[in-house]
Amino acid sequence: ARYGRRLLHDRHADPAGAARRRWSVAWLGWILNLRAQRRVDTIGGFGRLRRPHGIALDPVTGRLAVTAEYPSSGMLLLDGNKRSKMRVLQTGGDTSHMVSFGPGKSGAEHAYVSNAGSNDVSVVQLTTGGELKKIPTGKRPEGSVLSPNGKELFVCNRDSDTITIIDTTPPT
């Protein structure tokens, strides 16, 4: 299989922001110029994390969150503008799969990570890197999207054929 040539199947980039920057991140950390249809750069340094899977872009700060399926509870926080690793965060879930940033006027404060193996979503505080809580979902949560007003997160549950709706009011 030619995995290096596949684009991400779940992109959370703000369409206006992606168009302004004219780049997107592909499955193996490639940065592509979509207009010219060519690879521009590569982001590496995933450390012990393997099989990068989910990715989200915070359009306010340019940060990227990348989940890894192995080990099962890791997420990499990257500076998308500098194209460098900021830190590795633990999600506390089993098979961390897809990720969405929470709302925030000056940038997201939380990330919501679908844990396909433990049937929940981890709420991760981006500044401290701590897991704030786990929210139960249906079976095998995968993709998610934040509502336009930022008040709800919709999570698709693959094996239960349901969508879980999560209140994104910041946890206390």
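Residues numbered from 1 in each chain as written. Predicted model: local features only at pLDDT ≥ 70, side-chain atom pairs only at ≥ 80, totals over all residues. Heavy atoms only, no water.

### Re the sheet that holds strand 6 (residues 74-79)
So, point 1. Taken together, the four strands give an open sheet; going across it, the order is 4-5-6-7, and neighbouring strands pair in antiparallel fashion. Edge positions in the sheet fall to strand 4 (50-57) and strand 7 (84-90), since each of these pairs with one other strand and no more. Between one strand and the next, the sheet's axes are offset by a mean angle of 25°, whatever the strand orientation. (Pairing = 2+ DSSP bridges. Helix = DSSP H or I, 4+ residues; strand = E, 2+ residues; numbered from the N terminus. Axes fitted to C-alpha atoms, helices over the stretch in contact; angles between N-to-C directions.)

### Considerations on the nonpolar core
In summary, soluble globular proteins display a tendency toward joint burial of nonpolar side chains.
So, point 1. Membership of the largest hydrophobic core is limited to twelve residues, which are Ala56, Ala65, Met75, Leu77, Leu89, Val99, Phe101, Ala108, Ala111, Val113, Val124 and Leu126.
So, point 2. For this core, the elements supplying multiple residues, two or more each, are strand 6, strand 8 (96-101) and strand 9 (110-115).
So, point 3. With residues up to four places along the chain from it excluded, the contact list for Val124 reads Met75, Leu89, Gln90, Thr91, Glu109, His110, Ala111, Val113, Gly129, Gly130 and Glu131.
So, point 4. Formed by ten residues, the second largest nonpolar core is a distinct cluster that contains Ile55, Leu64, Val66 and Leu78. (Core = buried A, V, L, I, M, F, W, Y, C linked by side-chain atoms within 4.5 Å. Buried < 20%, exposed > 50% of the residue type's maximum accessible area, 1.4 Å probe, protein only. Contact = heavy atoms within 4.5 Å.)

### Here's the deal with the confidence of the model for the chain
So, point 1. When the pLDDT values of the chain are averaged, the result is 78; 77% of them are 70 or greater.
So, point 2. Considering each helix and strand of the chain separately, the mean pLDDT is smallest for strand 1 (residues 23-25), with a value of 36, and largest for strand 14 (residues 162-167), with 96.
So, point 3. The model gives residues 1-28 a pLDDT under 50, and that stretch makes 54 contacts with residues more than four places away or in other chains. (pLDDT = per-residue confidence, 0-100.)

### Structural notes on the pairing of strand 11 (residues 131-136)
So, point 1. Pairing of strand 10 (residues 120-125) with strand 11 involves five bridges; the strand directions are antiparallel. Bridge assignment links Val124 to a residue of strand 11, and that residue is Glu131.
So, point 2. Between strand 10 and the antiparallel strand that follows it, strand 11, lie five residues; Gly129 among them carries a positive phi value of about 80°.

### Some words on unusual backbone geometry
So, point 1. Located in the positive-phi region is Arg83, a residue other than glycine, with phi close to 60°.
So, point 2. Topologically, Arg83 is positioned in the loop between strand 6 and strand 7.
So, point 3. Of note in the backbone geometry, Asp161 takes a positive phi value of approximately 55° without being a glycine.
So, point 4. Along the chain, Asp161 falls in the loop between strand 13 (152-157) and strand 14.

### Side note on the sheet that holds strand 14
Strand pairing within a sheet occurs via backbone hydrogen bonds; the two strands may be parallel or antiparallel.
So, point 1. Overall, antiparallel pairing links the three strands, which are arranged 12-13-14 in an open sheet. Because the sheet does not close on itself, it has two edges, and the strands there are strand 12 (141-146) and strand 14. For this sheet, the mean inter-axis angle between neighbouring strands, taken without regard to orientation, is 25°.

### Quick word on the environment of Arg83
So, point 1. Assessed through its relative accessible area of 31%, Arg83 is described here as partly exposed.
So, point 2. For Arg83 and Arg63, which are 20 residues apart along the polypeptide, the C-alpha to C-alpha distance reads 9.2 Å.

### Concerning the pattern of salt bridges
So, point 1. Enumeration according to the criterion identifies three salt bridges in this entry.
So, point 2. Arg63 serves as the salt-bridge partner of Asp58, at 3.2 Å between the closest nitrogen and oxygen. For the pair shown, Asp58 and Arg63 are each scored as buried.
So, point 3. With its nearest N and O atoms 3.4 Å apart, the salt bridge here joins Glu142 to Arg158. With Glu142 in strand 12 and Arg158 in the loop between strand 13 and strand 14, this pair connects stretches of sequence that are 16 residues apart.
So, point 4. Looking at Arg158, the relative accessible area reads 52%, which means it is exposed. (Salt bridge = Lys/Arg side-chain N within 4 Å of Asp/Glu carboxyl O.)

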